[in-house]
Amino acid sequence: VVAETQLYAKVSNRHRSKSTSALLESLLAKGFPAHTAQKALAATGQKTIEDAAKWLHSHCNDPSLDDPIPQEYALYLCPTGRFHNHLQEFWKESKRQCGRNRAHEIFPHITLCDFFTCEDHKVELLYDTLKRVGDSFSQCFPPSISLLLHSSTSYLGFFVGDSHANILKEFALAFSSEASALADCHVKPCLKQIHLTLAHKFYPHHQKTLEQLAKSINPGETCQWVAALYSRDMRFVHYQTLRALFQYKPQNIDELMINAGDFVYVDPTLQSGVSEGWVIGTSHRTGCRGFLPENYTERANESDTWVKHREYVFGTVSRFSVQTENEPNVKLNGEVHNPSISRSVTNILPLQNVTLRRGVLVMRHVERVDQVFGKSWLQQCLTADGKYHRADLNFPCTLPKRKDGMKNFEYDPPLSCCGVFQSRLIGEALLDQQATVSYMYSSPALRCIQTAQHILQGLKLDQKVKIRVEPGLFEWTKWETSRVVPNFMTLTELAEASYKIDTSYRGNFPLSSLVPSESYEEYVSRSSAVIKQIITACPSKGKGVILIVGHGSSLTSCTRPLIGLPARDSNDFAQGVRKIPSLGMCFCEEIKEENKWQMVNPPVKTLTHGPNAAFNWRNGIIED
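Residues numbered from 1 in each chain as written. Predicted model: local features only at pLDDT ≥ 70, side-chain atom pairs only at ≥ 80, totals over all residues. Heavy atoms only, no water.

A. Highlighting the sheet that holds strand β7 (residues 240-244). Strand order in this open sheet of five strands is β10-β9-β8-β7-β11, and the pairing throughout is antiparallel. The open sheet has two edge strands, β10 (289-293) and β11 (297-299), and neither has a second partner. Across the sheet, the axes of successive neighbouring strands diverge by a mean angle of 45 degrees, strand direction being ignored. Of the pairings in the sheet, the one linking strand β8 (residues 263-266) to strand β9 (residues 278-283) comprises three bridges and is antiparallel in character. Within the sheet, the bridge partner assigned to valine 266 lies in β9 and is glycine 281. (Pairing = 2+ DSSP bridges. Helix = DSSP H or I, 4+ residues; strand = E, 2+ residues; numbered from the N terminus. Axes fitted to C-alpha atoms, helices over the stretch in contact; angles between N-to-C directions.)

Here's what the structure looks like:
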């Protein structure tokens, strides 16, 4: 077989050196350089001239367009038909009940040959190999594949029975041998345990739930198997993939233009120095790099940017096919993938349940002044004699009085005027949804108390529900730039400033218990204890919402203990918090009959808006 493969490779290479594909010829005729034309064909799956030309026009400003970086390719065996539908249901339900795990990044498949590189001008040789090897195995390929469920504390999936696994290994070995010789690339076949992964790298306490969901999948269900060749951009293998929810037009030269549905590659290791609420990424559509607002995006799956090149369908009539844009959208991870459409990642319960069961709505405070004007905002607002001056319309008209004067506002900043508007807007939206807010808790930070106050005004509850100031809800003190816990306004000062404070409430954690630079474990323990104490303090027979206004960190630290999830690793926690915008929110609902809580859709939609830079009429209008 090896000798035959090498002979075929020599003959085929000699034949191909004398001819160029019709697609490439058409692009060359349009004036595109050969190396970029081949790169475009490889990046679009060599399907149509229109696809490749569109890619080239989109990447006209791509700084890496001329770089000789090939695509990476993998050969997968993918299920179709009713079995595939059951797998899709498992993907969706496991994500809803247990959250994302590593398997959700890629669609259901059996790996035959893992990712390998192939030069752009040799990709067609891979197609020939797939067709030839597929034809040679079409008669011996099993009509159904034996699958046995296997489970461990971090893996759940189907192992392929030995006899069928041997056939798949032979198929993978034949493809890798021929492709390696024909296209001069190193293709490694999968010769270990052949498997179809259902869940991977999940929390051990989710094992039983995932096993129960997996038992609803009938591995003997009708299925037609397809050997498919996929490619990906090797530069972004370890990056996170985001999907743009909205169009963003750059305001500055270092920002990235994105359209709704665009995919953006983000390197998590490069985000620490980026301004809050922003990320730096590379557009999959254009290849350009720049800053973009993080709340304009949602997390996408790793395989969303992959390109299917060719497939060989095993069945009664085996066939080799090319997928074009005119065919139905491919379903990945149980969802139709169409870049022009944005959607929610999970199926969630309807909104009307908000008032039927007890719920906890945790949200981050709204825009504060230092987010807009920087840490030196206070210096911009102080006159020579130390009085407050409103330097911009987004600064508050006045500042509340506090015993230690103005200096403590530096580390305990108020909301901007836009933040006040945001708060009331959310309150009005909750009112429209008829959400019944029975209790209001707030971190002692002024920005949180002001957010809570204006939400209650929007709800028209500011005369009925008072704010319980809970010091235990303050953010992780390690993140305080002052290295000390801020001096917050006292309850008396807040009440005198007309904030609707429950002065009779005594927090579970006194202010004196907040220590500077606490460890991550101390913060997690504090947050877990305070959310449990808040739940206990609010009667369970009452139906309605406990609204908690805290910080970005509150969304994770207060909800995960409630729904039974362990704390994240501190690095993952920090990365996750960075992505939470102003008014980001999570909603947990009590299932009393099962004595547990589950996370569902918040009762109101998110609030998204763009930046608005300061403007000086002299620049560009009067002065040159």
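B. Broad picture of the sheet that holds strand β21 (residues 596-600). Strand order in the open sheet formed by six strands is β18-β17-β19-β16-β20-β21, with mixed pairing between adjacent strands. Of all the strands in the sheet, just β18 (467-469) and β21 have a single pairing partner and so form its edges. Looking at each pair of strands side by side, their axes are set apart by 25 degrees on average, direction ignored. By the bridge criterion, five bridges tie strand β20 (residues 585-591) to β21 in an arrangement that is antiparallel. Bridge pairing in β21 places glutamate 589 opposite glutamine 598. Of the strands in this sheet, β16 (359-364), β17 (437-442), β18, β19 (545-550) and β21 touch helix α14 (residues 520-537), which is tilted by about 150 degrees from β19. (Contact = heavy atoms within 4.5 Å.)

C. Expanded view of the side chain of histidine 365. Its location among the elements puts histidine 365 in the loop between β16 and α9 (369-373). Of note is the side chain of histidine 365, whose polar atom sits 3.3 Å from the side chain of arginine 447. Those residues within four positions of histidine 365 in sequence are excluded, and the remaining contacts are Gln371, Arg447, Cys448, Thr451, Val549, Gly550, His551, Ser582 and Leu583. (Polar contact = N/O pair within 3.5 Å; in protein donor to acceptor, adjacent residues only side chain to side chain.)

D. Local environment of the environment of leucine 147. Within the secondary structure, leucine 147 is located in strand β3 (residues 147-151). Looking at leucine 147, the relative accessible area reads 8%, which means it is buried. Once you skip the residues sitting within four places of it in the chain, leucine 147 turns out to touch Phe83, Phe158, Phe159, Val160, Pro219 and Trp225. (Buried < 20%, exposed > 50% of the residue type's maximum accessible area, 1.4 Å probe, protein only.)

E. Spatial organisation of unusual backbone geometry. You will see that lysine 201, though not glycine, has its phi angle at about 55 degrees, which is positive. Assignment of secondary structure puts lysine 201 in the loop between β5 (195-200) and α8 (207-214). By relative accessible area, which is 61% here, lysine 201 ends up exposed. Positioned with a positive phi, serine 517 is a non-glycine residue whose angle comes to about 50 degrees. Position of serine 517 relative to the elements: it lies in the loop between α13 (491-496) and α14.

F. Up close: α14. Between the first and last C-alpha of α14 there are 26 Å, a value that for 18 residues agrees with the 26 Å anticipated at 1.5 Å per step. Within α14, burial applies to Tyr520, Tyr523, Arg526, Ser527, Ser528, Val530, Ile531, Ile534 and Ile535. Next to the buried residues of α14 lie β16, β17, β19, α15 (554-557), α16 (570-578) and β21. (Expected span 1.5 Å × (residues − 1).)

G. Just the pairing of β20, in detail. Here β20 lies mainly inside the structure; seven of its seven residues are buried. Burial of β20 is two-sided: the residues Met585, Phe587, Glu589 and Ile591 facing one way and the residues Cys586, Cys588 and Glu590 facing the other way are all buried. Across five bridges, β16 lies against β20 in antiparallel orientation. Across the sheet, glycine 359 pairs through a bridge with glutamate 589, a residue of β20.

H. Expanded view of the pairing of β3. Of the strand pairs in this sheet, β3 and strand β4 (residues 155-160) are connected by five bridges, and their pairing is antiparallel. Bridge pairing in β4 places leucine 148 opposite phenylalanine 159. The hairpin formed by β3 and β4 contains three residues between the paired strands.

I. How the structure looks around empty space enclosed by the protein. Within the structure shown, the criterion is met by three cavities of 30 Å³ or more. Residue lining of the largest cavity: Arg232, Asp233, Phe236, Val237, Tyr239, Thr241, Tyr265, Glu302, Thr305 and Trp306, and that is the complete set. For the lining of the largest cavity, the residue count by class is five nonpolar, two polar and three charged. (1 Å grid on protein atoms, 1.4 Å probe; cavity = no way out; pocket = protein on both sides within 12 Å on 5 of 7 lines; lining within 4 Å. Points joined across faces, edges and corners; volume = space filled by probe spheres on them. Nonpolar A, V, L, I, M, F, W, Y, C, P; charged D, E, K, R; others polar.)

J. Quick look at the environment of glutamine 433. If you trace the backbone, glutamine 433 turns up in the loop between α11 (417-432) and β17. Along the backbone, glutamine 433 and proline 603 are 170 residues apart, and their C-alpha atoms lie at a distance of 6.9 Å.

K. A look at the nonpolar core. In this structure, Leu77, Leu198 and Trp225 are the most contacted members of the largest nonpolar core, which totals 56 residues. Setting aside residues up to four positions removed in sequence, leucine 77 forms contacts with His109, Ile110, Leu112, Phe141, Ile145, Leu168, Trp225, Val226, Ala227 and Phe314. The next biggest cluster of nonpolar side chains, apart from the first, holds 46 residues, and it includes Leu378, Cys448, Val545 and Leu583. (Core = buried A, V, L, I, M, F, W, Y, C linked by side-chain atoms within 4.5 Å.)

L. View of the environment of glycine 610. Among the secondary structure elements, glycine 610 is positioned in the segment after β21. Residue glycine 610 is classed as partly exposed on the basis of its relative accessible area, which comes to 40%. Placed 317 residues apart in sequence, glycine 610 and proline 293 show a C-alpha to C-alpha distance of 8.2 Å.

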